[in-house]
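Examination of the molecular architecture
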Amino acid sequence: MKLKEWASVQGVSYRTALNWFHAGTLPVPARQLPTGTILVDPPALSSGRAVAYCRVSCSDQRADLERQAGRVAQACGSRGITLSETVTEVGSGLDAHRPELRKLLSDPTVITIVVEHRDRLARFGVEHLEAALSASGRGLVILEDGEVDDDLVQDMVDVLTSLCARLYGRRSARGRAEAGIRAAADEPTR
């Protein structure tokens, strides 16, 4: 397939893929024809597909999706994982209504799901997803296994924000969640 098509499937821009080709860091074998066309040699597919899942929390971070997809593709190439597709999505890690993730989890041809960080897949319950995938002969690869924010207080703010958003509306949810955290911290223990 042509480099432009491969870049589109992987979720990276053609220019990024071209830069990788010229730098010799393209994660798949490729060759340039005398006409200048760059062809990516797709590796032989195994019994299933490996798919990268990249997510950001809000539309303001949409530009980070391409960079995240590029980092995941590069890390997979260096580890010998061949991606057949990159799925990107904008949605909260606490939100259960992510249609792209739902399609990915329900597709039996996807045997490996690759994510950059654990919280890119879900904020909570990744262990349950991992167990369900392994029970069906599938797997989850987390490239950077350390937590991005190793802060329990931030997790509590995220949960309270989600709950307050449902009760009071999204505009004042964060303020109410932070007020709840302050009130809990100021309350004397009995």
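The following paragraphs examine the structure supplied in this document.

We now examine the overall build of the chain. Summing up its helical and strand segments, the chain has 8 helices and 6 strands in all. For the chain, the α and β elements follow one another from N to C terminus as α-α-β-β-β-α-β-α-β-α-α-β-α-α. Looking at the chain residue by residue over its 190 residues, the buried ones come to 34%. Put simply, 61% of the contacts in the chain that link residues at least 6 apart link residues at least 24 apart. Accessible surface, the chain: about 11400 Å² in total, of which carbon and sulfur atoms supply 52%.

What sets the pattern is the α-helix's 3.6 residues per turn: residues three or four places apart point alike. With 18 residues, helix H3 (residues 62–79) extends 26 Å from end C-alpha to end C-alpha; this agrees with the ideal 26 Å at 1.5 Å per step. Every buried residue of H3 is accounted for by Leu65, Gln68, Ala69, Gly70, Val72, Ala73, Ala75 and Cys76. In the stretch just after H3, Gly80 is the one whose phi turns positive, near 80 degrees.

This paragraph deals with the sheet that holds strand E5 (residues 110–117). The strand order E4-E3-E5-E6 describes an open sheet built from 4 strands, whose pairing is parallel. Each edge of the open sheet carries a strand with a single partner, namely strand E4 (85–90) and strand E6 (139–144). Shown here is a sheet whose adjacent strand axes are inclined to one another by a mean of 25 degrees, direction ignored. Two strands pair when backbone bridges link them, and E5 and E6 are joined in this way by 5 bridges, in the parallel orientation. Considered in E6, the bridge of Val115 is made with Ile142. Contacts from H3 reach strand E3 (49–56), E4, E5 and E6 within the one sheet, and its direction differs from that of E3 by about 150 degrees. In this fold helix H6 (residues 126–135) packs onto E5 and E6, with an angle of close to 135 degrees to the strand it touches most, E6.

Moving on, we get to the nonpolar core. The biggest cluster of nonpolar side chains holds 25 residues, and the ones touching the most others in it are Leu3, Trp6, Val12, Leu26, Val72 and Leu83. Mapped onto this core, the elements with two or more residues apiece are helix H1 (3–10), helix H2 (14–23), strand E2 (38–40), E3 and H3. With 6 residues, H3 is the largest single contributor of residues to this core. If you look at the next biggest cluster of nonpolar residues, it comprises 14 residues, including Val87, Leu101, Ile113 and Leu121.

Looking now at the state of the cysteines. All chains considered together, the criterion is met by 0 disulfides. Cysteine Cys76 is unpaired, with the sulfur of Cys54 as its nearest cysteine sulfur at 8.9 Å. Residue Cys76 is classed as buried on the basis of its relative accessible area, which comes to 1%.

A few words on the pattern of salt bridges. Under the counting rule described, the total for this entry stands at 9 salt bridges. Glu100 serves as the salt-bridge partner of Lys103, at 3.4 Å between the closest nitrogen and oxygen. Separated by 3 residues within a single helix, Lys103 and Glu100 lie in helix H4 (residues 99–106), roughly one turn from each other. Take Glu100: its relative accessible area is 29%, and that puts it in the partly exposed class. Through salt bridges with shared partners, a single ionic network connects Arg49, Glu85 and Asp107.

Definitions and cut-offs
Residues numbered from 1 in each chain as written. Predicted model: local features only at pLDDT ≥ 70, side-chain atom pairs only at ≥ 80, totals over all residues. Heavy atoms only, no water. Helix = DSSP H or I, 4+ residues; strand = E, 2+ residues; numbered from the N terminus. Buried < 20%, exposed > 50% of the residue type's maximum accessible area, 1.4 Å probe, protein only. Contact = heavy atoms within 4.5 Å. Areas by Shrake-Rupley, 256 points an atom, 1.4 Å probe, with all protein chains shown as cover. Expected span 1.5 Å × (residues − 1). Pairing = 2+ DSSP bridges. Axes fitted to C-alpha atoms, helices over the stretch in contact; angles between N-to-C directions. Core = buried A, V, L, I, M, F, W, Y, C linked by side-chain atoms within 4.5 Å. Disulfide = S-S within 2.5 Å. Salt bridge = Lys/Arg side-chain N within 4 Å of Asp/Glu carboxyl O.

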